[in-house]
Amino acid sequence: MRPCEAILYIVTVVIVLFTWARPRPYSWLICFAVALLSIVITVHIISEGIRWQMLPEYVVCIYIFIEVLIANVGLGNKYARSVVLAFAMAGLFASVMLPVCVFPAPTGPYAVGTVTRVLTDVKRPEPRTGGEGDRRQVLIQVWYPALHAGIDPVPYKTRAELPFRIWRLALVKTHSFAGVPISSENNRFPVIIYSPSWTGSRSENTIQFEELASRGFVVVAMDHPYGGDRIAFPDGKVIRSHVCGFLAGESVKELETNAQQMDDELDVRVADARFVLDELAHFDQEDPDGLLTGRLDLTRIGMMGYSFGGAVAVETSFRDDRIKAAINFDGSIFGKSARTGITCPYLFATTLLPSANSALPDLPPKTAEEWRAIFDANDAENERRSLTTSGGSLLEIPGTKHLSFSVGSLHSPIARWRAGIEIDPRLVMRILNDYVVGFFQEHLGLSGPDNLEGLAAKYPEVRFRTWPKPVRKGAAPAAGVPVLAPNGHTRGSQR
């Protein structure tokens, strides 16, 4: 809970309880408390912003002002005071269960700057509209190492990007500052591209973006129009999702149709990523704003994504050799890379990779449940085969769920309970931050304080394993003898 919110609840409850015990006459103490209440609510509105979760508390404050300062008749009888106290408690419960969350601060030596841009691919028509002359647009946000911090950090999201029920997320402050100068300490910074989930947005892994930027990376996160639920452009245009629900359907036919749409959407988003890579080359040569000119190390590019964005990261790295390393945050994989294995250094972060399942339904599936069971088993097998035959790293974090691998796990306790998350989300964010930075430092040729094996020792909660990339000279990958990492977990062994 934010500081002014907490003080506001304390003051109102004290006033109600005090007047309950001594309804009249009012002493200087109650007058002081009401004056303090006026100051606190003013500071709260100005510095923290109002939100509908606190509506019962606002009603209580108005009632106190009317009864104590205007009517001067006390807080009514005991029944009225009971109602007022119940309102205060209801507001407190809503504020705690649906808070304005606080993101952990990045730990690197740099301040973090950010800018948002709209890129238009004049060579590619917009596949979702079919309008003549419509060109594909991609909204990107760039996080970068900054020369210094600004005055006011940018919000996590804007209200235009949010439905009313979660408008409170527009009050969440990040640790990034809009338009501040880029750091002058290094000539060029490595680049990380990000793709969000199926109907998600570019801000889903903001905590990882800020950590990377504070450690000397430039992060470019994409919004895919007509994919994300609400994509708000700077000119005020808001584009809603045109895609189906992920693996949604009540019949095998519906699921197969939706799976085909996923393959089509994968192609669109991979094309978006490759277009962004082309544009970054132009920005490095001559950025119209002057911010990125000569500052991007395009020989050191990584990519990551959450959920379906993980599949986009994997497939993009498979199709475009400009991507030197890829991270998948708990996403199913699709496309050719799912069948043949990824070809660059790869980290798959998940809760627990399922073991092989020999008791699957007979093909073809007869029900939607059978179809999903086969899909999940095939996906796990694709991941396992890619890791063991093409080389890669597996980060398993017990107690997590799918939501744990994005900032959504911090949104509210209710979201965590509904998802069944059993581990502190802030611990998961620290684990992901360290592994993401360590992975990209190791595979993009950068130095860092910790290598990946050192991180495995630092976090005994996790299980981290790596399979070496085989030598491509006709030799099959060797199974080998499992090698123990410093924390006793296996490295180099097959599951």
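Read on for an overview of the structure. In this text the structure is predicted, and so the values were computed from the model without any measurement. (Residues numbered from 1 in each chain as written. Predicted model: local features only at pLDDT ≥ 70, side-chain atom pairs only at ≥ 80, totals over all residues. Heavy atoms only, no water.)

### Notes on the environment of Gly108
- Looking at where Gly108 falls in the secondary structure, it is placed in the loop between helix H4 (78–97) and strand E1 (111–125).
- Residues Gly108 and Glu210, 102 residues apart in the sequence, show an inter-C-alpha distance of 9.0 Å.
- For Gly108, the contacting residues outside a window of four places in its chain are Glu211, Ser214 and Arg215. (Helix = DSSP H or I, 4+ residues; strand = E, 2+ residues; numbered from the N terminus. Contact = heavy atoms within 4.5 Å.)

### A look at the packing of helix H6 (residues 252–286) against helix H9 (residues 368–390)
- Close contact between H6 and H9 brings their axes to 8 Å; oriented N to C, the two are set at 40°. Of the residues in H9, those in contact with Val252, Leu255, Glu256 and Ala259 of H6 are Ala368, Trp371 and Arg372. (Axes fitted to C-alpha atoms, helices over the stretch in contact; angles between N-to-C directions.)

### Topic: the packing of aromatic side chains
- In the structure shown here, the tally under the stated rule is 16 aromatic pairs.
- Between Phe164 and Trp167, the aromatic rings sit 5.2 Å apart at their centres with planes inclined by 70°, giving edge-to-face as the arrangement.
- When the ring of Phe334 is compared with that of Phe375, the centres are 5.9 Å apart and the planes differ by 40°; the resulting orientation is tilted. A residue pair is termed long-range when its members are at least 10 positions apart, and Phe334 in the loop between strand E9 (323–329) and helix H8 (335–340) and Phe375 in helix H9 qualify at 41 residues.
- Overall, Phe334 belongs to the buried group, its relative accessible area being 8%.
- Phe375 sits in the buried class, given a relative accessible area of 15%.
- Among the aromatic residues, those joined into a cluster by ring pairs are Trp198, Phe246, Phe308, Phe334, Trp371 and Phe375.
- Above the plane of the ring of Phe233 lies Lys237, whose end atom (NZ or CZ) is 4.8 Å from the centre. (Phe/Tyr/Trp six-rings, centres within 6.5 Å; stacked < 30°, edge-to-face > 60°. Buried < 20%, exposed > 50% of the residue type's maximum accessible area, 1.4 Å probe, protein only. Lys NZ or Arg CZ within 6 Å of the ring centre and 35° of its normal.)

### Some words on the packing of helix H5 (residues 206–214) against helix H11 (residues 425–443)
- One way to put it is that H5 packs onto H11 with a least axis distance of 10 Å and a crossing angle of 45°. Taken together, H5 and H11 sit at an angle that is classed as oblique. Crossing angle aside, the handedness with which H5 passes H11 is right-handed. Between H5 and H11, the contacting residues are Ile207, Gln208, Glu211 and Leu212 on the first element and Met429, Leu432, Asn433, Val436, Val437 and Phe440 on the second.
- Looking at side-chain class alone, the contact of H5 with H11 contains seven nonpolar, two polar and one charged residues. (Parallel < 35°, antiparallel > 145°, perpendicular 65-115°, else oblique. Left-handed = near helix turned anticlockwise from the far one by under 90°. Nonpolar A, V, L, I, M, F, W, Y, C, P; charged D, E, K, R; others polar.)

### Topic: the nonpolar core
- The biggest cluster of nonpolar side chains holds 52 residues, and the ones touching the most others in it are Met304, Leu395, Tyr435 and Phe440.
- Among the elements of the structure, strand E4 (189–195), H5, strand E5 (218–223), strand E8 (296–306), E9, strand E10 (346–350), H11 and helix H12 (452–458) are those that each provide at least two residues to this core.
- Ranked by residues supplied to this core, first place goes to H11 with ten residues.
- Apart from the residues within four sequence positions on either side, Phe440 is in contact with Ile192, Leu212, Phe217, Gly302, Met303, Met304, Ala325, Ile327 and Gly445.
- Tyr110, Val218, Ala259 and Val276 belong to the second-largest nonpolar core, a separate cluster that totals 47 residues. (Core = buried A, V, L, I, M, F, W, Y, C linked by side-chain atoms within 4.5 Å.)

### Regarding the pattern of salt bridges
- Applying the stated criterion to the full structure yields 27 salt bridges.
- Residue Arg51 is joined to Glu5 by a salt bridge in which the shortest nitrogen-to-oxygen separation is 2.9 Å. Of the two residues, Arg51 sits in the loop between helix H2 (28–48) and helix H3 (55–71) while Glu5 sits in helix H1 (residues 3–21), which places them 46 residues apart along the sequence.
- One salt-bridge network, held together by shared partners, links Asp121, Arg124, Glu126, Arg136 and Asp272. (Salt bridge = Lys/Arg side-chain N within 4 Å of Asp/Glu carboxyl O.)

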